[in-house]
Amino acid sequence: MSEHIHARFCLPFSKSDFQLDVDLRLPRQGVTAIFGPSGSGKTTLLRCIAGLQHSPVGELYFGGDCWQRGRHRVPCHRRPIAYVFQEASLFPHLNVAQNLRYALRRAAADGPSLAEVCELLALDALMERRPDRLSGGERQRVAIARALLIAPRLLLMDEPLSGLDPARKAEILPFLEQLCRQSNIPILYVSHSVDEVCRLADHLVVMNDGRVIDQGPLEKMLIDRHLSSDSDSDVSALLRAEVEEIDTQWQLARLAFDGGHLWVRSNGESIGSELRLRIRAQDISITLSAPSDSSILNILPSSIVAISDEPGGAMQLLQLAIGNSQLLARLTRRSVHQLGLRVGMPVYAQLKSVAIIR
Amino acid sequence: MSTAAFLDAADLNALWLTIKLAGVVVALLLVISTPLAWWLCRSRSRWRRPVAAVITLPLVLPPTVLGFYLLLAMGPTGPLGRLTTALGVDSLAFSFSGLVVGSLFYSLPFVVQPLQNAMEAVGQRPLEVAATLRAGPIDRFFTVLLPLCRSGLISAAVLGFAHTLGEFGVVLMIGGNIPGETQVLSVQLYEHVEALDYDRAHRLAALMLLISFATMLLLQWLRRDGRSQKVLGF
């Protein structure tokens, strides 16, 4: 039995244009983020997978199960999926408990219990409320809980945070992170936010104009594609690291990653725990020799793998290798010229800040 | 003043017949109109607009025109007349059943329109959500669509009922004026005026005014409760 989700859709927009034209193999484990600007076909792809939209030409296999092929098409309500919509999708005529029970009554037999899900998403205080008496963040929490209760074999999430203000996002993200870590259900997560993708995803599909541009492991995609949301300021790289040592005197933690180690502020992590670090390209500067008089804590010997121009002309992005890991550094073109930086050169990367994102 | 003194036996009979007619017609119309409104809402067929136009035709067509064609259809050579003959049942013309058939056409737009508006206001999204929660089409219809259309359903029933109460032209054409069979309030009122019995005419007219006012008041309340939902879409 194939361990993949195979999705091929061809959805014409007009005679010459496609709304969606993809042929994808997606892993059936972990979180796969579908990333791209608005209008790139992300939501359409998710709707075709859910069976909410019909692609006249298409094939969809979930492992060995065929959900669409030729004229055979499993209707949405017979697919073992759950879907979290972008905006509020709770039934307005039912309260929270009734919304949850709507799913529970129709759920597969081996699903989680109401109590488990309510605890995961902290819903106990909301059960008797009607959807119009909930905040946006609370509504999405209930919608996620309802999706889990149906006991899906595939969880589809269509920008579940995009309708929320930053404070509400911050309120829900920890729940989502916990869900993504704990759940053994594969999740397809549509997003146009690099921040969300870095926090949640393992695998990344990059879309534009209804087509898939590239896909692969998140770390590789961030380096290869220089992904950014709205501004260039969030071009970044991701490292997975393990806590190796806690320095109680200076309140620092030493983290080991594939290629070296880093010091970060200790925040009560325990030794051996795994962390995900995000390092923005604009937070890295380059020196040619190891400085001994710098206040910067993390100075990593590395070598330049590639240099590319950024749109605008003033800035360049350096791709750096540190052992088996890679980082991106954004420098002015003048600095690159003055230091005489070339591909293959050994340099020192100074990391001004390292964000622990989970 | 008791009702017995307010209306005499013949008028009471007409009142009862009118209420029975409106009740039967509304019940049938709700059953017919719900799928019809759904189809008008969702269909992309090229027949959608012509069908919608036919359904709304009674809004502008003189009731006597509708009644005239129905009378022809129910006559011994008309399609409905041949059907009743073939089935061995009594002719529809000048009977209560005939009035029911006529009223179905006459009041159809008043039931379809509020339902269609309510369904359009509900939109596709709640039904899609239900589908992702394993609810099949019939399940979705009863557990999501109907509850969300509740105020539209009530408006449709109230409007259909009230409109059938006031029917006159169609009744006169296909029903005539048979006490206990086709003699409804509006026709009875006309009879009283013809006979210059203004006292009885006043009572019937006042009664119908009161019923109509109460109905519209009820609709206004519904409109407030339903907030964004339009009660009358035309």
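Of the regular secondary structure elements, chain A holds 8 helices and 21 strands. Over its C-alpha trace chain A gives a radius of gyration of 23 Å, about what one expects of a compact globule, namely 21 Å for 358 residues. Oriented by its inertia axes, the alpha-carbon framework of chain A measures out at about 65 × 55 × 40 Å. Within the span of chain A, comprising 358 residues, buried residues form 39% of the whole. Here the contacts in chain A between residues at least 6 apart in sequence split such that 66% fall between residues at least 24 apart.

Let us look at the overall build of chain B. Across its full length, chain B carries 12 helices and 0 strands. Written out in order from the N terminus, the α and β elements of chain B read α-α-α-α-α-α-α-α-α-α-α-α. The dimensions of chain B, computed from C-alpha atoms along their principal axes, are 65 × 50 × 30 Å. Across the 234 residues of chain B, 35% fall into the buried class. Put simply, 73% of the contacts in chain B that link residues at least 6 apart link residues at least 24 apart.

Both faces of the sheet carry side chains from a regular strand, because those side chains alternate between them. Residues and elements named next belong to chain A. The element strand β9 (residues 187-191) is extensively covered by neighbouring structure, given that 5 of its 5 residues are classed as buried. Here β9 shows a buried face lined by Ile187, Tyr189 and Ser191 and a second buried face lined by Leu188 and Val190. Two strands pair when backbone bridges link them, and strand β3 (residues 31-35) and β9 are joined in this way by 5 bridges, in the parallel orientation. Residue pairing for β9: isoleucine 34 is matched across the bridge by valine 190. Crossover connection from strand β8 (residues 154-158) via helix α5 (residues 166-182) to parallel β9: handedness right-handed.

The next point concerns α5(A). All names here are of chain A. With 17 residues, α5 extends 24 Å from end C-alpha to end C-alpha; this agrees with the ideal 24 Å at 1.5 Å per step. In α5, a bend of some 30° at isoleucine 172 exceeds every other bend along the element, and proline 174, a proline, comes one to four places later. For α5, the set of buried residues is Lys169, Leu176, Leu179 and Cys180. Of the surrounding secondary structure, the elements contacted by the buried residues of α5 are β3, α3 (114-120), β9 and α6 (194-200).

Residue and element names in this part refer to chain B. Close contact between helix α2 (residues 9-42) and helix α6 (residues 96-122) brings their axes to 7 Å; oriented N to C, the two are set at 45°. Here α2 is positioned oblique relative to α6, judged by the angle of their axes. Viewed along their axes, α2 and α6 form a crossing whose handedness is right-handed. Grouping the amino acids of the contact of α2 with α6 by side-chain chemistry returns 19 nonpolar, 5 polar and 1 charged.

Glancing now at the environment of Gln251(A). Residues and elements named next belong to chain A. Here glutamine 251 shows up in the loop between β12 (236-247) and β13 (252-257). Separated by 15 residues in sequence, glutamine 251 and serine 266 place their C-alpha atoms 5.3 Å apart. The contact partners of glutamine 251, leaving out residues within four places of it in the chain, are Arg265 and Ser266.

Let us look at the sheet that holds strand β5 (residues 65-69) of chain A. Residues and elements named next belong to chain A. The 5 strands are arranged β2-β1-β4-β5-β6 in an open sheet whose pairing can be described as antiparallel. Strand pairing shows two members of the sheet lacking a second neighbour, β2 (18-27) and β6 (72-73), which therefore form its edges. Note that strand β1 (residues 4-12) and strand β4 (residues 57-62) share 6 bridges and pair antiparallel. By the bridge assignment, histidine 6 is partnered in β4 with tyrosine 61. Lying over the sheet, helix α1 (residues 42-50) contacts β1, β2 and β4, oriented at roughly 65° with respect to β2.

This paragraph deals with the interface of chain A and chain B. Contact residues are listed per partner, giving 15 residues for chain A and 13 residues for chain B. Of all the secondary-structure elements, those providing two or more residues to the side of chain A that touches chain B are β7 (81-84) and α2 (96-105) of chain A. Among the elements that line the side of chain A that touches chain B, the one with the most residues is β7(A), at 3 residues. Partitioned by chemical class, the residues of the side of chain A that touches chain B number 11 nonpolar, 3 polar and 1 charged.

Below, the discussion takes up the sheet that holds strand β14 (residues 260-265) of chain A. Reading across from one edge, β14-β13-β12-β15-β21 (chain A) is the order of the 5 strands in this open sheet, with antiparallel pairing throughout. Two strands lie at the open edges of the sheet, namely β14 and β21 (355-356) of chain A, each paired on one side alone.

Further remarks concern the nonpolar core. Nonpolar side chains tend to gather and get buried jointly when the protein is soluble and globular. The biggest cluster of nonpolar side chains holds 148 residues, and the ones touching the most others in it are Ile34(A), Ala145(A), Leu156(A) and Tyr189(A). For this core, the leading source of residues is α6(B), giving 11 residues. With residues up to four places along the chain from it excluded, the contact list for Leu156(A) reads Leu46(A), Ile49(A), Ala50(A), Ile81(A), Ala82(A), Tyr83(A) and Leu188(A).

Here we take up the confidence of the model for chain B. As a note on interpretation, predicted positions should not be read in detail where pLDDT is low. Residues and elements named next belong to chain B. Confidence in the prediction for chain B averages 89 pLDDT; 93% of positions are at 70 or higher. Across chain B, element-level confidence peaks in helix α7 (residues 125-132) with a mean pLDDT of 96 and bottoms out in helix α1 (residues 3-6) with 61. Across residues 227-234, where pLDDT falls below 50, the model places 17 contacts with residues more than four positions away in sequence or in other chains. We note a pTM of 0.85 for the whole complex and an ipTM of 0.85 for its interfaces.

As for its position among the elements, Ser95(B) is in the loop between α5 (79-87) and α6. When residues no more than four places from it in sequence are discounted, the contact partners of Ser95(B) are Asp90(B) and Glu181(B).

The next point concerns unusual backbone geometry. Residue and element names in this part refer to chain A. Unusually for a residue other than glycine, alanine 151 sits at a positive phi of about 55°. Examined against the element boundaries, alanine 151 turns out to sit in the loop between α4 (136-149) and β8. Backbone geometry places histidine 226, a non-glycine residue, at a positive phi of 50°. With respect to the helices, strands and loops of the structure, histidine 226 is situated in the loop between α7 (218-225) and β12. Judged by the 18 C-beta atoms lying within 10 Å of it, histidine 226 is partly exposed.

The rules behind the values
Residues numbered from 1 in each chain as written. Chains lettered and ligands numbered in written order. Predicted model: local features only at pLDDT ≥ 70, side-chain atom pairs only at ≥ 80, totals over all residues. Helix = DSSP H or I, 4+ residues; strand = E, 2+ residues; numbered from the N terminus. Rg over C-alpha atoms; globule rule 2.2 N^0.38 Å. Buried ≥ 20, exposed ≤ 12 C-beta atoms within 10 Å, placed from the backbone. Contact = placed C-beta atoms within 7 Å. Pairing = 2+ DSSP bridges. Right-handed = clockwise from strand over helix to strand, strands pointing away. Expected span 1.5 Å × (residues − 1). Bend = angle between axes of the 7 residues up to and from the residue. Axes fitted to C-alpha atoms, helices over the stretch in contact; angles between N-to-C directions. Parallel < 35°, antiparallel > 145°, perpendicular 65-115°, else oblique. Left-handed = near helix turned anticlockwise from the far one by under 90°. Nonpolar A, V, L, I, M, F, W, Y, C, P; charged D, E, K, R; others polar. Core = buried A, V, L, I, M, F, W, Y, C linked by C-beta atoms within 7 Å. pLDDT = per-residue confidence, 0-100.

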